[in-house]
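# Overview (structure and organization)
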Amino acid sequence: MSDLTYGEQTNRNKLTDHNMSADELVFFVNGKKITEKHADPEMTLLTYLRRKLGLTGTKLGCAEGGCGACTVMLSKYQPHLRRVLHLSVNGCLAPLCSLHHCAVTTVEGIGSVAGKLHPVQERIAKSHGSQCGFCTPGIVMSMYALLRNHPTPRMADIEEAFQGNLCRCTGYRPILEGYKTFTKERKCCGGKGKDNGCCMTNGVKTKGYTDEENVNRTSVLPAPLYDPADFLPLDPTQEIIFPPELMSLCKDQSSQQLRFRGERVLWLQPASLDQLLELKTQYPNAKMVVGNTEVGIEMKFKNLLYPVILAPAYIPELNTIQHTDEGIVFGASCSLTLLGDVLKAATVKLPSYQTEVFTAVLEQLRWFAGLQIRNVAAIGGNIMTASPISDLNPVFMAAGCKLTLMSKGGERVVVMDRKFFPGYRRTILTPEEVLLCVLIPYTKKGQYFAAYKQSPRREDDISIVTSGMSVTFAEGSTVVKHLALSYGGMAATTVMAKNTASRLLGKQWGEELLQDACSSLAEEMTLHPSAPGGMVTYRRTLTLSLFYKFYLTVQQKLANEGAYIEGVRADYVSATEMYHQTSPSSVQIFQAVPDGQKEEDVVGRPMMHLSAMKQATGEAVYCDDIPLYENELYLCLVTSTKAHARIQSIDTSEAESMPGVVTCVFAKDIPGSNKTGPIVYDETVLADGKVTCVGHIIGAVVADTQAHAQRAAKAVRITYQELQPVIITIQDAITHQSFFQPVRTIQSGDLDQGFTQADHILEGEMHMGGQEHFYLETNVTVAVPKGEDGEMELFVSTQSATKTQSLVAKALGVPASRVVIRVKRMGGGFGGKESRSTILSTVVAVAAQKLKRPVRCMLDRDEDMLVTGGRHPFYGRYKVGFMKSGKVVALEVTYYSNAGNSMDLSLSIMERALFHMENSYSIANIRGRGYLCKTHLPSNTAFRGFGGPQGMLIAESWMTDVALSLGLPAEQVRRLNMYIQGERTPYSQILDHITLDRCWDQCLEVSSFNQRRAGVETYNRDHRWTKRGLSVVPTKFGISFTALFLNQAGALAHIYTDGSVLLTHGGTEMGQGLHTKMVQVASRTLGIPSCKIHITETSTNTVPNTSPTAASASSDLNGAAVHNACEILLHRLEPYKTKNPKGCWEEWVNSAYFDRVNLSANGFYKTPDLGYDFETNTGRPFNYFSYGVACSEVEIDCLTGSHKNIHTSIVIDVGNSLNPALDIGQVEGGFMQGVGLYTLEELKYSPEGYLFTRGPGMYKIPSFGDIPTDLTVSLLRDAPNDKAIFSSKAVGEPPLFLAASVFFAIKDAVTAARKESGLSGPFRFDSPATPERIRNACEDRFTKLCPPAEPGTFTPWAVVV
Ligand SMILES: Cc1cc2nc3c(=O)[nH]c(=O)nc-3n(C[C@H](O)[C@H](O)[C@H](O)COP(=O)(O)OP(=O)(O)OC[C@H]3O[C@@H](n4cnc5c(N)ncnc54)[C@H](O)[C@@H]3O)c2cc1C
Ligand code: FES
Ligand code: FES
């Protein structure tokens, strides 16, 4: 069918106009009947819930089925089976029109704070599994749907249920831990099962410990983080019932054909096969939609329009399953979940030789999308999408599946072979034909089959290379009679390695065949070095490596079955093993509050995040949940498609003629200044004639609805004159000497002398990729003009209320006093909403001012990823001088960061990288220099760690090189160089109260490091194709804003006459629990229970001139300000307490009120004794340091480059924790974000600066399956910090770097793999350690057959920026 863009669709609409009345859509939401007379085929269930029904508990995180924030439960009655089917589904993809006669349950439907929480909601909240809470409703609903089907699930069921849910804050551990209490394995024992591990102590038996040690470990746990004994029991009989009215409606459904009409699209739902075929003849170009998981993406992101949609989901023939002599026949509309269930049952029932293909399909389904997608996506949809990276098509092709195609003219059966896909996303079906069903055949005796999928992330990810392989041997022999090898990801279609297969016919399954196969595959499965998708060397190597796995697997099966063939070498066997997840276990250790601390004193206790319950019920209000204002409009950005160009013309005529459009906004509409930027004003609010990155904001379209604004924005035509040079990468910037000024340097000692003194000198380099924040809630602003004196109120998801206020005021040309910024909570920030959030807020404010109407914009995920920048990529060059012992005596390091097209916070970020260039090591002679590369990318910005993680990773790289070059254990070299008390940093700060050594020693102990090291060595001796690696890495993180003036905070506390306290402070809540900690501080200071204290929001009209909530310092700064405000109030109340010592709080407050005492106070704090001068290298940049150490063990698959995180132990100094639950949450969440940074997350840019990775489909953050199988987090005991409130320490950023232990454990494993090929010594290993990098570094006979193309001889698809 031809895909239509908006311009083409108007004529086509006429096609659909004749004789078409629309039907009523009837469905139920949370037990309530909804009759929709104007169901729009383009509207998703999510939009309907949020905008039409006001059910904002269900969230929008990505609109592409990749994050699970929109998960709801869909229930359908199946009259023929007389049962109700409950499915978790993605509201963002489910078309509203597909819901006729279905029941939808949303998070609001299962419980509420005011009423009763559902156990699923209660447990995630109480187990501290909700931080920012934006993912929480989706996770709750995935769990709820699981429990509706399996009231006592297995842990594996829970892991499967969460494959389609992402969380960016928690690190997943607490969610799994909380929900483990529902499982068969861990039904709560009420504390009786301590020795065997009890959820009440969170302690579990840890491998590597004796029983006695385990008991001791458990006994150091002072108290649980929560008490499952408090949990409400799950009572399945209390669940809401399927609406009886729907059951009877469903029974009549069979004969009903439905039609729904929208502005541009007609939806037809035939009730019978005949009707479908008739409609397909009438509308040959109509698009069929079953799960909408492909078509939905095309319509939303590829700007395609399908004016007629046929929905065959309920046609019986397309849903039947038939067991035949040849195999099992599945109707094309059968969902992938159903496919899996039926095949699973067959593998149990049938002899294993018959079910080799079934097992292979099941293996592919295990890693196919998430459950929400598999629940709706159809087998036919996967085939007919004809994607070159389909996971099922290679299996179906290698297995020779038969497809039945049907049209009004008749039916034909075709074998799925290489002719079935004649081109990219094309099949041999004629326009009138539909796919009726698929036969998946049984295998025969002597036939062996396997399927493989390699993707960047294991769970819910699309393939890099995927494959189906089948071999049949001549009877009673190991001579190949038939061979089929099919690959996805190697061409524009699924392909067969035809030449290789025929070359191997008649050959014995043995080494000679293997060699032939590999050299033939290397020739046949080639890719152009510029091939779309990139990773060319890796993909080619994978075709060989996967075949090798198949080869060994078949060899092993043949040997096991007694064929005359040598068995697989013991050390090769692990190459044949399919990945199996081990359910994670964890321990958290923290210090209890001292004996005698009053019960109501909550400081130091694991108090639950104050909003957790509301977040779990969907009642917590985020910016876009604010109900629509009457008269409100929606804004969509218009952005540049060129990296460096002059704008020649902007044509808005088509856009302005489109339905609902009110106006367009460009630079000329800005009443104030178009200059903006957080520190220097080197950016524009809206481009002024020139663009300097793809994604540069040029203008905006404002319309009555989001859909109208978005459609019209795509119709704005801009012409450009491209300019040179286009600088995208750090290397480009170095070539063009394109740098922002100044170039920063920190040095101490005498470098020349240091190098002279050194026994050895080595040089090296490393690149570290950037990172997308991927806060689950994208940037959002609602701007409400007040109609007088230029006043405007903005509701913004920002970490910087004050910065937003001043930049909005500047753009509007009004004093800051006229602009109020209000921030209730954010769905995550991580630095991404510190400065870049203002680029949206200012545009929305300008539009609201122009129109004098409220304007809203919540960026779609792809827009957010395109325009807002992320963590700076870094490139480091180093020269290090060291002694034979490993002692480093001289270091020269040069950092280059990719700052993007504006300065933003890049200088401060580089400064922090330099402040952390030696990480935790004392180096007498050192010089670090930092260059900020000015490129044509969107400006990069703050991200948790703020340059520290980049600076320290490069430090650990040269440290590893030193150890490798000396052949010494890395941990020995690290320990030798570690700072000790009283030493001086390169920036002249003396280290006092250092706890690094304690963290190190404890970490080695907790992780059983020595036993673990011995275990790794044994493992590596015994395994050729899988290797383990181990690493222990310290961190020292400086706490304070390095810009002196930011180290201040304010607070405001009001006491009302009923004794309740309203508290405000300068910090914002983004999930980290800052408000909870501030309530704890106020509660202790005032000596009243925390329930009397409330924080509504952060606003610029209550606390002015606030610093951004950043630099981990918010608890320190705001905590001290809150303390100050409370002390002032307490002081004012003192006379009334003295006068009435037996009285209560309310009485003292009342007496003071009637005595005309001011019961409102503001508090203030500035960090004393701070300030550093780069020129003179004097002063103190940091108030104090946070220390931590982590040990990680991993296992890599040398053939595919995958790795699994086996173990991590973290010991971290957070002083006297204000709240151990929140602090552990920060440690685990930060650590997992670091795991993403260093091992998984990769932004891919074209050489022209176009960002490919614009959503969860292509950009992978860690998922549930990525957490270490065994995770111990220990807060260092007895380590009070006299520099912060109640002896606590900052915790937000320091733990992130500890994930470098995983990176260096991977490097350790790669080192072991390289040893097998005779390679030793330092080698360059860049971050992130993706499967591609791991595989390419594990050089072997297969990589040799696929050498990379000569750089410079081709234009790569993506460049390292
Ligand atoms: C988050 C996410 C993750 C994904 N992960 C994977 C993955 O891991 N592996 C993978 O292979 N794919 C993946 N996909 C792609 C997609 O889910 C699958 O291709 C799915 O099987 C499509 O099924 P559907 O019913 O949703 O298709 P729809 O979107 O409803 O339709 C897809 C196409 O099939 C056609 N079609 C459907 N039924 C028929 C029929 N009976 N006759 C003729 N044409 C028909 C439609 O016209 C349309 O062109 C993913 C998609 C998403 C959104
Ligand atoms: S919003 Fe639906 S999956 Fe992300
Ligand atoms: S709590 Fe999961 S994304 Fe924030």
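Here the structure is a predicted model, which is why all the values come from computation and not from measurement.

Calculation rules
Residues numbered from 1 in each chain as written. Chains lettered and ligands numbered in written order. Predicted model: local features only at pLDDT ≥ 70, side-chain atom pairs only at ≥ 80, totals over all residues. Heavy atoms only, no water. Helix = DSSP H or I, 4+ residues; strand = E, 2+ residues; numbered from the N terminus. Rg over C-alpha atoms; globule rule 2.2 N^0.38 Å. Buried < 20%, exposed > 50% of the residue type's maximum accessible area, 1.4 Å probe, protein only. Contact = heavy atoms within 4.5 Å. Arc of directions from axis to C-beta. Axes fitted to C-alpha atoms, helices over the stretch in contact; angles between N-to-C directions. Parallel < 35°, antiparallel > 145°, perpendicular 65-115°, else oblique. Left-handed = near helix turned anticlockwise from the far one by under 90°. Nonpolar A, V, L, I, M, F, W, Y, C, P; charged D, E, K, R; others polar. Pairing = 2+ DSSP bridges. Near = heavy atom within 4 Å. Polar contact = N/O pair within 3.5 Å; in protein donor to acceptor, adjacent residues only side chain to side chain. Areas by Shrake-Rupley, 256 points an atom, 1.4 Å probe, with all protein chains shown as cover.

## Details of the overall build of the protein chain
- Scanning the protein chain from N- to C-terminus turns up 38 helices and 47 strands.
- A globule of 1361 residues ought to have a C-alpha radius of gyration of about 34 Å, and the protein chain, at 31 Å, matches this closely.
- Residues counted as buried form 65% of the 1361 residues belonging to the protein chain.
- For the protein chain, restricting intrachain contacts to residue pairs at least 6 apart in sequence, the fraction spanning at least 24 positions comes to 77%.

## Side note on unusual backbone geometry
- Backbone torsion omega between Q724 and P725 reads -5°, so that peptide bond is classified as cis.
- Mapped onto the elements, P725 comes out in the loop between β27 (717-722) and α22 (730-736).
- Following Q741, the chain continues to P742 via a peptide bond in cis, the omega torsion being 0°.
- Examined against the element boundaries, P742 turns out to sit in strand β28 (residues 739-748).

## Notes on helix α29 (residues 970-977)
- Turning to α29, its buried residues are E971, V973, R974 and N977. The arc that holds the buried residues of α29, viewed along the axis, is 160°, so those residues lie on one side.
- On its buried face, α29 is in contact with β35 (888-900), α28 (948-966), α30 (996-1006), α31 (1009-1022), β37 (1026-1039) and α36 (1300-1316).

## Comments concerning the packing of helix α32 (residues 1074-1086) against helix α33 (residues 1114-1139)
- For the pair α32 and α33, interaxial distance at closest approach is 9 Å and the crossing angle is 30°. It follows from the interaxial angle that α32 and α33 lie roughly parallel. The way α32 lies across α33 gives a crossing that is right-handed. Two secondary-structure elements touch here, α32 through L1074, K1077, M1078, V1081, A1082, T1085 and L1086 and α33 through S1114, S1115, N1118, G1119, V1122, H1123, C1126, E1127, L1129 and L1130.
- Its residues assigned to classes, the contact of α32 with α33 comprises nine nonpolar, six polar and two charged.

## Side note on the pairing of strand β19 (residues 585-589)
- Here β19 lies mainly inside the structure; five of its five residues are buried.
- Where β19 and strand β47 (residues 1270-1275) come together, five bridges link them in parallel fashion. Its bridge partner being in β47, I589 is matched across the sheet by S1274.

## Focus: the sheet that holds strand β26 (residues 697-703)
- Pairing within the open sheet is mixed, and its eight strands lie in the order β22-β26-β20-β33-β30-β31-β32-β41. A strand with exactly one partner marks an edge of an open sheet, and here the two such strands are β22 (661-665) and β41 (1098-1099).
- Here strand β20 (residues 633-639) runs beside strand β33 (residues 855-858); their pairing, made up of two bridges, is parallel. Among the inter-strand pairings, L633 is bridged to a residue of β33, identified as V855.
- Strand contacts of helix α21 (residues 706-714): β20, β22, β26 and β33, with the helix running at about 20° to β20, the strand carrying the most contacts.

## Focus on the packing of helix α11 (residues 336-349) against helix α12 (residues 356-366)
- Closest axis-to-axis distance for the α11/α12 pair is 9 Å, and the angle between their directions is 140°. Between α11 and α12, the angle is such that the two are oblique. The two elements α11 and α12 meet at a crossing, and its hand is left-handed. Residues L336, L339, G340, L343, K344, A346 and T347 of α11 form the contact with α12, whose participating residues are F358, T359, V361, L362 and L365.
- Of the residues contributing to the contact of α11 with α12, the split by class is eight nonpolar, three polar and one charged.

## Re the site of ligand 1
- The environment of ligand 1 is made up of 31 residues, and the closest members are M288, V290, G291, T293 and D391.
- At 2.9 Å, a side-chain N or O of N382 approaches an oxygen atom of ligand 1.
- One of the backbone N or O atoms of L435 is found 2.9 Å from a nitrogen atom in ligand 1.
- Relative to its free-state accessible area of 990 Å², ligand 1 is covered by the protein chains to the extent of 93%.
- Put simply, the parts of the chain that give the shell around ligand 1 at least two residues each are β8 (287-288), α14 (379-385) and β14 (434-441).
- It is α14 that provides the largest number of residues to the shell around ligand 1, a total of four residues.
- Of the residues in the shell around ligand 1, the class split is 16 nonpolar, eight polar and seven charged.

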